[in-house]
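# Commentary on secondary and tertiary structure
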Amino acid sequence: MLISRLTFLLVVYYLIEIDCAALPSFSDMLEETSQKPDIKAMIPLFKEMQKPSIEERNPQKLLYILGNSYDSEFSSIAKPPSMKAREPSTDDLDTDIPSSMKTHPTMSEEVLNAKFSAKVKGKKKEFGKRLTEKMQNYLWNLSKCPVKYKWIDLGENIFPQYIKRGSCSKKKTCSFPAGMTCEESKWKSVDILLYTCLKEYNSVSLDCKWRPMPVNILTECSCQCKKQTE
């Protein structure tokens, strides 16, 4: 069909070839957020810490300490039902991921306002509304980078105990020509409580209590050149 034969040419015509080597490194672009630790990497450390007693894990008291800092979107006191759900077979099967466990980025203005045309018998002809929408959806599905979440159990030393961990799609490319991938671009700081025991100054006694600690939750991925490693 004419539509299928034009698709490849239109994508080449619409998208500009990107030279990743000419762009600044990903670490430079994210200088302010490059030191954000992965939540999952903290778990082995928490396992070695002294555990709070049942009385010290009173949810009402701990919620009072957190106050307005408690974020129910990215943290949970009780075990979330979705933790019992089947894990997706691949990172790119969006249909396998519950809608509440991924972001839904809106179509970019660049794609939304794109116009398409082709030469038919030597004359330029603009695409109709239906075909234009199909091309826009094709380009957007190629380039969009939703964040996909998974609940992680951080153990008894953390309150709330369950935290959402975000990751970017691992699809091979989000650009045409291929070469760019979905990379982390924005985070949100979420306050939690960490139960730790510290030695008091000039004493062997321990000061055990819940202390506030911020963690960074990934909230946005974008199509960029692959992260450069030093």
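See the structure above.
Residues numbered from 1 in each chain as written. Predicted model: local features only at pLDDT ≥ 70, side-chain atom pairs only at ≥ 80, totals over all residues. Heavy atoms only, no water.

Let's shift gears to the pattern of salt bridges. Applying the stated criterion across every chain yields a total of four salt bridges. In this structure, the salt-bridge partner of E156 is R57, at a minimum N-O distance of 3.5 Å. Within this pair, whereas E156 is found in the loop between β4 (147–153) and β5 (158–159), its partner R57 is found in the loop between α3 (43–47) and α4 (59–66), the two being separated by 99 residues in sequence. What makes E156 partly exposed here is its relative accessible area of 35%. The partly exposed category is assigned to R57, whose relative accessible area is 30%. R211 is paired through a salt bridge with D207; the nearest N and O atoms lie 3.0 Å apart. (Salt bridge = Lys/Arg side-chain N within 4 Å of Asp/Glu carboxyl O. Helix = DSSP H or I, 4+ residues; strand = E, 2+ residues; numbered from the N terminus. Buried < 20%, exposed > 50% of the residue type's maximum accessible area, 1.4 Å probe, protein only.)

Attention shifts here to the packing of aromatic side chains. Per the counting criterion, the structure on display carries three aromatic pairs. In this structure, K164 packs its charged tip against the face of Y149, placed 5.3 Å from the ring centre. (Phe/Tyr/Trp six-rings, centres within 6.5 Å; stacked < 30°, edge-to-face > 60°. Lys NZ or Arg CZ within 6 Å of the ring centre and 35° of its normal.)

Read from one edge of the open sheet, three strands run β1-β6-β4, paired in antiparallel fashion. Each edge of the sheet is formed by a strand with only one pairing partner; in this case those strands are β1 (75–76) and β4. In the sheet, β4 pairs with strand β6 (residues 162–168) via seven bridges, with the strands oriented antiparallel. Its bridge partner being in β6, K148 is matched across the sheet by S167. (Pairing = 2+ DSSP bridges.)

To continue, consider the sheet that holds strand β7 (residues 180–199). With respect to topology, three strands assemble into an open sheet ordered β5-β7-β8, the strand pairing being antiparallel. With one partner strand each, in any of the chains shown, β5 and β8 (206–225) form the two edges of the open sheet. Inspection of the sheet shows β7 paired to β8 by 19 bridges, in the antiparallel sense. Residue T181 lies in a different strand from β8, and its bridge partner there is Q224. Strands in contact with α4 are β5, β7 and β8; relative to β7, the strand with the most contacts, it is inclined by about 115°. (Contact = heavy atoms within 4.5 Å. Axes fitted to C-alpha atoms, helices over the stretch in contact; angles between N-to-C directions.)

Let us look at the nonpolar core. Formed by 29 residues in total, the largest nonpolar core has its most connected members in F46, L154, I158, M213, V215 and I217. Elements supplying a minimum of two residues to this core: α3, β4, β6, β7 and β8. Per-element tally for this core: the top contributor is β8, with six residues. If sequence neighbours within four positions are ignored, M213 has contacts with M42, F46, I158, V190, D191, I192 and L194. Listed in part, the nine residues of the second largest apolar core include V111, A114, F116 and M135. (Core = buried A, V, L, I, M, F, W, Y, C linked by side-chain atoms within 4.5 Å.)

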